[in-house]
Amino acid sequence: MQSGLAVKAARIAIVVALFAIWEILSRTGIVNPRLLPSASDTLSTLGELLQRASVRKDLAVTATEVVTAFALAVPVGALIGFLIAENRYFAEVAKPLLFFAFSIPKSIFLPMFILVFGVGFSQKVGFGFFSTIFIVIMSTTTAVESVKVEHLTVARSYGATPVQTAFRVYLPSMLPVLLEALRISMIFNLTGVILAEMYASRDGIGHQIATWGENFQMKQLLAGVVMIAAIAIAFNELVRWVETRCSHWRT
Amino acid sequence: MQPLANITPLKPAGAIEVRNVGQIFKTTTQDVVALEDVSLDVRPGRFVVLVGPSGCGKSTLLMMMAGLRQQTSGTITISGAPIPEPDPNRVGVVFQEASLFPWLTAEENVEFPLALRGVTKSDRRARAQDALKLVGLDGFGKRHPHELSGGMKQRVSIARGLVQDPPVLLMDEPFAALDEQTRMTMGDELLRIWAATGKTVVFVTHSLTEAVYLADEVIVMSPRPGRIVDHLQVPLPRPRTYEMLSGDAFGSLRDRIWRHIRKSA
């Protein structure tokens, strides 16, 4: 694993180097520090922001929206994906259509969501849901297709009931693909909600970031970027960790 | 009247009776006759091998004996009763390679049929241990399938088929994916397990050598429509040994089967 360690060291070195370059560019004035505040200033602003009640409230608002949209999109999308994959005719009819829908940039529908839902909680959740559900449906169909016919025959030959087959064959077969889907869905979900907040909102961290940008508050803006990036990476890594634990048998 | 059923004399456990069985697959363009008028009796404790070219319906016949598929006509009884759906108490099935669940350990795979029926954890574990010991995998229970060799995986499959102690074991080309050496070893192992348990075994294979080496009786089938074209007794003594493979008796039996298969090819 010595090479693994070397790889990790190289990764850390790259991140540190990026922050160092950022710091130098700003400190030496190669880039106007008003346009690019230094890394250290940005991080200390981040610390400051996290102390602020208003920022915490914005984070809480965004988190609620993200979690709600996710909690709706994942089960609904998984159910639709499952039904499509289980029915051959359905799968044949619906799959290309899903790909069409998936290829359309979701952001162009945002004005419609504002018209329908107004500016508020349901607009963000609705748009987050809409941004996420297609990838969940498509991933679930892939997951169902990863279940091996041989395994289903084995279960049947030992008298498994449909419920037993679902929990003892389908679920474990699908789990690695589903976890990966969960991870990727969250990226889409987070993007959707924050975009909706930046576009039209009264609260939420996306709204804050947009406002800081408009007011040329670069320190706050960059601190917000670093904050969101850190949160997204943390979630992604958490699911990836679960993934490797659940799919150790995948070779 | 229901009570009449009780008067029917029960066939001994492990007997298989196939009567005038036919199977027709309906496709959109035509009906394909996969099996036609197949009749066969397997006495309890016998080792019977089904051979025949690809598409002769031997695996289909086996799946019908397992209750995994229903015949279009005729009847099949296992231990005296029809088998409209899989019944793990009467029949254990060993499939081709890759039928183990990769997310379960060897012993969890063996316990799977018991877990479906709600057998307690400790009871399950004990019976899985016994089955694994029987197939020569004592001490390998905690490994996952990807940590086992091809031969070991099929041993786990056999243990899974035996764990509920059914009188009949159906095997669908279980060693087809193994290399020649492992295949011979597994044949000997299977014969040892068979002798120790006294199960009725129906074994499907492509290999004529494997057929003669393992069987008490060899059933030769023709390609579509699948029919029985020969039913040979194998008079070679047991235990079977590697030396028998080069003997005259072995050779003439294999030739006889080959002539049937060549004719239909």
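Residues numbered from 1 in each chain as written. Chains lettered and ligands numbered in written order. Predicted model: local features only at pLDDT ≥ 70, side-chain atom pairs only at ≥ 80, totals over all residues.

**Overview of the overall build of chain A**
Then step 1. A tally of regular secondary structure across chain A gives 10 helices and 0 strands.
Then step 2. For chain A, the sequential pattern of α-helices and β-strands runs α-α-α-α-α-α-α-α-α-α.
Then step 3. Across the 251 residues in chain A, those meeting the buried criterion constitute 33%.
Then step 4. Of the contacts formed within chain A by residues at least 6 apart in sequence, a portion of 75% connects residues at least 24 apart. (Helix = DSSP H or I, 4+ residues; strand = E, 2+ residues; numbered from the N terminus. Buried ≥ 20, exposed ≤ 12 C-beta atoms within 10 Å, placed from the backbone. Contact = placed C-beta atoms within 7 Å.)

**Some remarks on helix 7 (residues 248-264) of chain B**
Residues and elements named next belong to chain B.
Then step 1. Here helix 7 is 17 residues long and its end C-alpha atoms lie 25 Å apart, about the 24 Å a rise of 1.5 Å per residue gives.
Then step 2. Residues of helix 7 that are buried: Leu253, Ile257 and Ile261. Relative to the axis of helix 7, the buried residues are bounded by an arc of 70° and lie together on one face. When the buried face of helix 7 is taken as reference, the exposed residues oriented beyond 90 degrees from it are Asp248, Ser252, Asp255, Arg259, Arg262 and Lys263. (Expected span 1.5 Å × (residues − 1). Arc of directions from axis to C-beta.)

**A look at the sheet that holds strand 9 (residues 217-221) of chain B**
All names here are of chain B.
Then step 1. As summarised here, the arrangement of the 6 strands in space is 6-7-8-3-9-10, forming an open sheet in which the pairing is mixed. The strands lining the two open edges of the sheet, one partner per strand, are strand 6 (91-94) and strand 10 (228-233). Ignoring strand direction, the axes of neighbouring strands in this sheet form an average angle of 15°.
Then step 2. In the sheet, strand 6 pairs with strand 7 (residues 168-172) via 4 bridges, with the strands oriented parallel. Across the sheet, residue Val93 finds its bridge partner in strand 7, namely Leu170.
Then step 3. Most of the contacts of helix 7 go to strand 10, to which it runs at about 175°, and overall it touches strand 3 (47-51), strand 9 and strand 10. (Pairing = 2+ DSSP bridges. Axes fitted to C-alpha atoms, helices over the stretch in contact; angles between N-to-C directions.)

**Considering the interface of chain A and chain B**
Then step 1. Contact with chain A, which involves 13 residues of that partner, is made by 16 residues of chain B.
Then step 2. Elements with a contribution of two residues or more to the side of chain A that touches chain B: helix 7 (149-157) and helix 8 (162-199) of chain A.
Then step 3. Across the side of chain A that touches chain B, the residue classes tally to 5 nonpolar, 6 polar and 2 charged. (Nonpolar A, V, L, I, M, F, W, Y, C, P; charged D, E, K, R; others polar.)

**Details of unusual backbone geometry**
Leaving glycine out, the prevailing phi sign among residues is negative, and the prevailing peptide bond configuration is trans.
Then step 1. Residues Arg224 of chain B and Pro225 of chain B are joined by a peptide bond in cis, for which omega reads -5°.
Then step 2. Mapped onto the elements of the fold, Pro225 of chain B is located in the loop between strand 9 and strand 10.
Then step 3. With an omega of 0°, the peptide bond between Arg238 of chain B and Pro239 of chain B qualifies as cis.
Then step 4. Within the fold, Pro239 of chain B resides in the loop between strand 10 and helix 7.
Then step 5. Even without glycine at this site, Phe216 of chain A takes up a positive phi of about 60°.
Then step 6. In this structure, Phe216 of chain A sits in the loop between helix 9 (205-214) and helix 10 (218-246).

**Topic: the pairing of strand 1 (residues 16-26) of chain B**
Residue and element names in this part refer to chain B.
Then step 1. Here 8 bridges tie strand 1 to strand 2 (residues 31-42), and the two strands are oriented antiparallel to one another. Opposite Gln23, over in strand 2, you have Leu35 as the bridge partner.
Then step 2. Where strand 1 and strand 4 (residues 73-78) come together, 5 bridges link them in antiparallel fashion. From the neighbouring strand, Arg19 faces strand 4, where its bridge partner is Thr75.

**As for the nonpolar core**
Then step 1. Met65, Ala159, Leu170 and Val202 of chain B are the most contacted members of the largest nonpolar core, which totals 107 residues.
Then step 2. In terms of residues, this core owes the most to one element, helix 8 of chain A, which gives 13 residues.
Then step 3. Residues in contact with Val202 of chain B, not counting those within four places in the same chain, are Ile16, Val42, Val48, Leu50, Leu62, Met65 and Leu170 of chain B.
Then step 4. Residues Ile205, Ile209, Ala210 and Leu222 of chain A belong to the second largest nonpolar core, which totals 7 residues. (Core = buried A, V, L, I, M, F, W, Y, C linked by C-beta atoms within 7 Å.)

**Remarks on the sheet that holds strand 2 of chain B**
All names here are of chain B.
Then step 1. Ordered by their spatial adjacency, 4 strands build an open sheet running 2-1-4-5, and the pairing between neighbours is antiparallel. Each edge of the open sheet carries a strand with a single partner, namely strand 2 and strand 5 (81-82).
Then step 2. Packed onto the sheet, helix 1 (residues 58-65) meets strand 1, strand 2 and strand 4 and runs at close to 60° relative to strand 2.

**Let's talk about the packing of helix 2 (residues 106-116) of chain B against helix 4 (residues 150-162) of chain B**
Residues and elements named next belong to chain B.
Then step 1. Closest axis-to-axis distance for the helix 2/helix 4 pair is 7 Å, and the angle between their directions is 30°. Relative to helix 4, the element helix 2 is oriented roughly parallel. Handedness of the crossing formed by helix 2 with helix 4: right-handed. Along the contact surface, helix 2 presents Ala106, Asn109, Val110, Phe112 and Pro113, while helix 4 presents Val156, Ala159 and Arg160. (Parallel < 35°, antiparallel > 145°, perpendicular 65-115°, else oblique. Left-handed = near helix turned anticlockwise from the far one by under 90°.)

**As for the environment of Leu114 of chain B**
Residues and elements named next belong to chain B.
Then step 1. Note on placement: Leu114 falls in helix 2.
Then step 2. Taking the C-alpha atoms as reference, Leu114 lies 28 Å from Leu178; in sequence the two are 64 residues apart.
Then step 3. Contacts of Leu114, omitting those with residues within four sequence positions, involve Val119, Arg124, Arg127, Val163 and Gln164.

**Things to note about the pairing of strand 3 of chain B**
Each regular strand shows side chains that alternate between the opposite faces of the sheet.
Residue and element names in this part refer to chain B.
Then step 1. Burial analysis of strand 3 places 5 of its 5 residues in the buried class, the great majority of the element.
Then step 2. What you see with strand 3 is no split at all: Phe47, Val49 and Val51 on one side and Val48 and Leu50 on the other are buried throughout.
Then step 3. With 4 bridges connecting them, strand 3 and strand 8 (residues 200-204) associate as parallel partners. Within strand 8, the position partnered with Val48 by the bridge is Val202.
Then step 4. Relative to strand 9, strand 3 is paired through 4 bridges, and the arrangement is parallel. Paired with Val49 across the bridge in strand 9 is Val218.

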